[in-house]
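Residues per chain are reported as follows:
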Amino acid sequence: MGDLSKDINSKFVNNRVKALLNILYTANWISNHQNEFFKPFGISPQQYNILRILKGAKEPLNVQVIKDRMIERAPNATRLMDKLCAKQYIERLPCEYDRRVVKIAITNKGMELLESIPNNLNKDLLKNLNEEEAEQLSNLLDKMR
């Protein structure tokens, strides 16, 4: 198992500082793992998140609704959607009665991409934790926020 002190060759003023740095270090480790996982599919974790939101919604959504539902609230969500649109994974649907309103829908090609991605994305990330420890970690992270 990892030890942050050894991983980054550092000592900490107190356990709160160590915990905060450990959260940031772990978030980066997870992000790198996810980026590598999605690389063969030609999308980012954030783009995957957008596709999953649209699939789960079962109806076209406003851009703001998608942004609100994203795990990582990316300020560049519109750019992410532009890239998905260019790859024909999503489409923009203009509103008939208000041209300022645009809804986003997942395409059949986007659904096919999601079906081609294995569901084991995060399988190994928490392999060193049992169910009780995973629950405790989740509760502590909730308490922190």
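Residues numbered from 1 in each chain as written. Predicted model: local features only at pLDDT ≥ 70, side-chain atom pairs only at ≥ 80, totals over all residues. Heavy atoms only, no water.

Colleague: Looking at this structure, I do not really get the overall build of the protein. What am I missing?
Modeller: Helices and strands together make up the secondary structure of the protein, namely seven helices and three strands. Listing every helix and strand of the protein by position from the N terminus yields α-α-α-β-α-α-β-β-α-α. A compact globule built from 145 residues would reach a C-alpha radius of gyration of about 15 Å, whereas the protein, at 19 Å, exceeds it by more than 25%. Put simply, the protein has 145 residues, and 27% of those count as buried. In the protein, of all internal contacts separated by at least 6 residues, the share reaching a separation of at least 24 is 47%. Carbon and sulfur atoms make up 50% of the accessible area of the protein, which amounts to about 10,900 Å² in all. (Helix = DSSP H or I, 4+ residues; strand = E, 2+ residues; numbered from the N terminus. Rg over C-alpha atoms; globule rule 2.2 N^0.38 Å. Buried < 20%, exposed > 50% of the residue type's maximum accessible area, 1.4 Å probe, protein only. Contact = heavy atoms within 4.5 Å. Areas by Shrake-Rupley, 256 points an atom, 1.4 Å probe, with all protein chains shown as cover.)

Colleague: How should I be thinking about the packing of helix H3 (residues 45-57) against helix H6 (residues 108-116) in this particular structure?
Modeller: For any two helices packed against each other, one specifies the inter-axial angle together with the distance between the axes. At a minimum axis separation of 10 Å, H3 and H6 run at an interaxial angle of 110°. Considering their axes alone, H3 and H6 lie roughly perpendicular with respect to each other. Seen along the crossing, H3 lies across H6 with a hand that is left-handed. Residues Tyr48, Leu51, Arg52 and Lys55 of H3 form the contact with H6, whose participating residues are Met111, Leu113 and Leu114. In terms of residue class, the contact of H3 with H6 is built from five nonpolar, no polar and two charged. (Axes fitted to C-alpha atoms, helices over the stretch in contact; angles between N-to-C directions. Parallel < 35°, antiparallel > 145°, perpendicular 65-115°, else oblique. Left-handed = near helix turned anticlockwise from the far one by under 90°. Nonpolar A, V, L, I, M, F, W, Y, C, P; charged D, E, K, R; others polar.)

Colleague: Would you take a moment to explain the side chain of Thr107 for this structure?
Modeller: Counting through the fold element by element, Thr107 comes out in the loop between strand S3 (102-106) and H6. Overall, the relative accessible area of 15% leaves Thr107 in the buried class. With residues up to four places along the chain from it excluded, the contact list for Thr107 reads Gln88, Tyr89, Ile90 and Glu91.

Colleague: Looking at this structure, I do not really get the environment of Phe38. What am I missing?
Modeller: Among the secondary structure elements, Phe38 is positioned in helix H2 (residues 15-38). Separated by 82 residues in the primary sequence, Phe38 and Asn120 have C-alpha atoms spaced 12 Å apart. Excluding residues within four positions of it along the chain, Phe38 makes contact with Ile43, Ser44, Pro45, Tyr48, Ile117 and Leu121.

Colleague: Please explain the nonpolar core as it appears in this structure.
Modeller: A general trend in soluble globular proteins is that nonpolar side chains are found buried together. Formed by 25 residues in total, the largest nonpolar core has its most connected members in Ile43, Ile50, Leu51, Leu54, Ile66 and Met70. For this core, the elements supplying multiple residues, two or more each, are H2, H3, helix H5 (77-86), S3 and H6. Per element, the largest residue contribution to this core is six residues, and it comes from H3. (Core = buried A, V, L, I, M, F, W, Y, C linked by side-chain atoms within 4.5 Å.)

Colleague: Just checking my understanding: could you explain the packing of aromatic side chains for this structure?
Modeller: Each aromatic ring pair is specified by the distance between its two centres and by the angle formed by the two planes. One pass over the structure, following the stated rule, counts three aromatic pairs. Ring centres 6.2 Å apart and planes at 40° place the aromatic pair Phe37 and Phe41 in the tilted group. Relative accessible area serves as the criterion here: at 17%, Phe37 is assigned to the buried category. With a relative accessible area of 22%, Phe41 lands in the partly exposed category. The rings of Phe37, Phe38, Phe41 and Tyr48 are connected pair by pair, giving a single aromatic cluster. (Phe/Tyr/Trp six-rings, centres within 6.5 Å; stacked < 30°, edge-to-face > 60°.)

Colleague: Explain helix H7 (residues 131-144) here, please?
Modeller: An α-helix turns once every 3.6 residues. As a result, residues three or four positions apart point the same way. The first and last C-alpha atoms of H7 sit 20 Å apart over 14 residues, in line with the 20 Å expected at 1.5 Å per residue. Of the residues that open H7, the one with a side-chain oxygen 3.0 Å from the backbone nitrogen of Glu132 is Asn130. (Expected span 1.5 Å × (residues − 1). Polar contact = N/O pair within 3.5 Å; in protein donor to acceptor, adjacent residues only side chain to side chain.)

Colleague: Any chance you could explain the pattern of salt bridges here in plain terms?
Modeller: Pairing is possible between side chains that carry opposite charge, provided their charged atoms lie close to one another. Considering all chains together, one arrives at four salt bridges under this definition. For Lys39, the salt bridge identified is with Glu36, shortest N-O distance 2.9 Å. Take Lys39: its relative accessible area is 55%, and that puts it in the exposed class. In this structure, the salt-bridge partner of Asp98 is Arg100, at a minimum N-O distance of 3.0 Å. On the basis of relative accessible area, Asp98 is assigned to the buried category, the value being 19%. (Salt bridge = Lys/Arg side-chain N within 4 Å of Asp/Glu carboxyl O.)

Distances and angles like these do not, on their own, reveal function.
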